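Inside the fold
Chain residues, written in single-letter form:
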Amino acid sequence: VLSFLFQQLFCSVILFVSAVAPCCGDIATLDELVETLNLEFEDLQTEDLVARVKNVMSRYQANHDEWSKFCIYDPYRYTRNLVEKNAHYVLMLLCWGPNMQSPIHDHAGSNCWLRVLDGNITETMYDYKEDVHPEPLSTNTYHESEIAYINDTIGLHMMHSGSGACTLHLYAPPFSTCKIFDRETGKARTVPMLYHSVRGVKSEHYDTICRACMAVSADAAAAPAAAGKS
């Protein structure tokens, strides 16, 4: 009887470990990351969503040869490279050349996680005040493997690449437009979310997208570079 009970207990432990291990182990590729995120977002409980997603993103091994297949770099602007988009989230890689920066922007009510895969990225935070001159609140620099989180209740931000970077971004829920803010007046403008590539394939509308992004980023490009502080 004891032998039978021991065998049953052993089998239960094996089944438990098999079920739990995928949720706790390393994630080797972006495709595996997508699969893991899909399972995570099946649980619609939101009270610990920020910590759960941060845990998943931290387990991604971020091998340069693997994630770089999804990347397109441009010498004149940072690029948005779509990895996955579904009903729950958008996952993309942003590729930054040296000394590039985004406009001041919001996240359209979405949660945003960012992990640095290569280089470092500087974030300047601003109050969420439309039609008021934006005053910087704080500046933080995130280095390789570090993860940041923001939503609109925390504030607005602007990102600056320093010597260049690649950052992995997850937005949940997905959104098709966001607001950018004039650096002098704070006046808001709604702009579309555009992708320079989808799963490593350059968009057939790449040049049109680049022109649109250049117009959107004109204010940021003319502004002084953010001073990196960590």
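These numbers come from a predicted model, not from an experiment.

1. Some thoughts on the pairing of strand E10 (residues 188-192)
- As judged from the five bridges shared by strand E9 (residues 177-181) and E10, these two strands associate in the antiparallel manner. In the sheet register, Ile180 faces E10, and the bridge partner there is Arg189.
- As consecutive antiparallel partners, E9 and E10 are separated by six residues, and within that stretch Gly186 has a phi angle of approximately 80 degrees, a positive value.

2. Structural notes on the pairing of strand E2 (residues 90-96)
- In terms of burial, E2 is a largely internal element, seven of the seven residues being buried.
- Residues of E2 alternate between two faces, with Val90, Met92, Leu94 and Trp96 on one and Leu91, Leu93 and Cys95 on the opposite face, all of them buried.
- Where strand E1 (residues 79-85) and E2 come together, six bridges link them in antiparallel fashion. Each bridged residue has a counterpart across the sheet, and for Thr79 the counterpart in E2 is Cys95.
- From the end of E1 to the start of E2, which pair antiparallel, there are four residues.
- Pairing of E2 with strand E8 (residues 165-172), which is carried by seven bridges, proceeds in the antiparallel orientation.

3. Quick notes on empty space enclosed by the protein
- Counting across every chain of the model gives two cavities of 30 Å³ or more.
- Tyr78, Arg80, Leu94, His105 and Tyr171 are, among the 21 residues lining the largest cavity, the residues nearest its centre.
- Contributing elements (two or more residues each) for the lining of the largest cavity: E2, strand E4 (111-126), strand E7 (156-160), E8 and E9.
- Roughly 30 Å³ of volume is contained in the second largest cavity.
- Secondary structure elements with two or more residues in the lining of the second largest cavity: E4 and strand E6 (147-150).
- Classifying every residue of the lining of the second largest cavity by side-chain character gives five nonpolar, one polar and one charged.

4. A word on the pattern of salt bridges
- For the coordinates displayed, the defined rule picks out four salt bridges.
- Between Asp48 and Arg52 there is a salt bridge whose closest N-O contact spans 2.9 Å.
- Of the residues examined, Asp48 reaches a relative accessible area of 34% and is grouped as partly exposed.
- For Arg52, a relative accessible area of 12% corresponds to the buried category.

5. Comments concerning the environment of Gly109
- Looking at the secondary structure, you find Gly109 in the loop between strand E3 (104-105) and E4.
- Given the relative accessible area of 57%, Gly109 is considered exposed.
- In sequence terms Gly109 and Thr153 are 44 residues apart; their C-alpha atoms lie 8.4 Å from each other.

6. Digging into helix H3 (residues 49-59)
- Within H3, the full set of buried residues consists of Leu49, Arg52, Val53, Val56, Met57 and Arg59. All buried residues of H3 fall inside an arc of 165 degrees around its axis, so they share one side.

7. Let's talk about the side chain of Arg115
- Along the chain, Arg115 turns up in strand E4.
- The charged side chain of Arg115 is buried without a salt bridge, its nearest counter-charge being Glu144 at 7.0 Å.
- Side-chain polar atoms of Arg115 contact the backbone oxygen of Tyr60, separated by 2.6 Å.
- For Arg115, the residues in contact, after removing those within four places along its chain, are Met57, Ser58, Arg59, Tyr60, Ala62, Ser145, Glu146, Ile147, Cys166, Thr167 and Leu168.

8. Quick word on the packing of helix H2 (residues 30-40) against H3
- H3 packs onto H2 with a crossing angle of 165 degrees between their chain directions and a minimal axis gap of 10 Å. It follows from the interaxial angle that H2 and H3 lie roughly antiparallel. The hand of the H2/H3 crossing is right-handed. Here H2 contributes Leu33, Thr36, Leu37 and Glu40 to the contact with H3, which in turn contributes Arg52, Val53, Val56 and Arg59.
- Broken down by class, the residue content of the contact of H2 with H3 amounts to four nonpolar, one polar and three charged.

The rules behind the values
Residues numbered from 1 in each chain as written. Predicted model: local features only at pLDDT ≥ 70, side-chain atom pairs only at ≥ 80, totals over all residues. Heavy atoms only, no water. Pairing = 2+ DSSP bridges. Helix = DSSP H or I, 4+ residues; strand = E, 2+ residues; numbered from the N terminus. Buried < 20%, exposed > 50% of the residue type's maximum accessible area, 1.4 Å probe, protein only. 1 Å grid on protein atoms, 1.4 Å probe; cavity = no way out; pocket = protein on both sides within 12 Å on 5 of 7 lines; lining within 4 Å. Points joined across faces, edges and corners; volume = space filled by probe spheres on them. Nonpolar A, V, L, I, M, F, W, Y, C, P; charged D, E, K, R; others polar. Salt bridge = Lys/Arg side-chain N within 4 Å of Asp/Glu carboxyl O. Arc of directions from axis to C-beta. Lys, Arg positive; Asp, Glu negative; His and termini not counted. Polar contact = N/O pair within 3.5 Å; in protein donor to acceptor, adjacent residues only side chain to side chain. Contact = heavy atoms within 4.5 Å. Axes fitted to C-alpha atoms, helices over the stretch in contact; angles between N-to-C directions. Parallel < 35°, antiparallel > 145°, perpendicular 65-115°, else oblique. Left-handed = near helix turned anticlockwise from the far one by under 90°.

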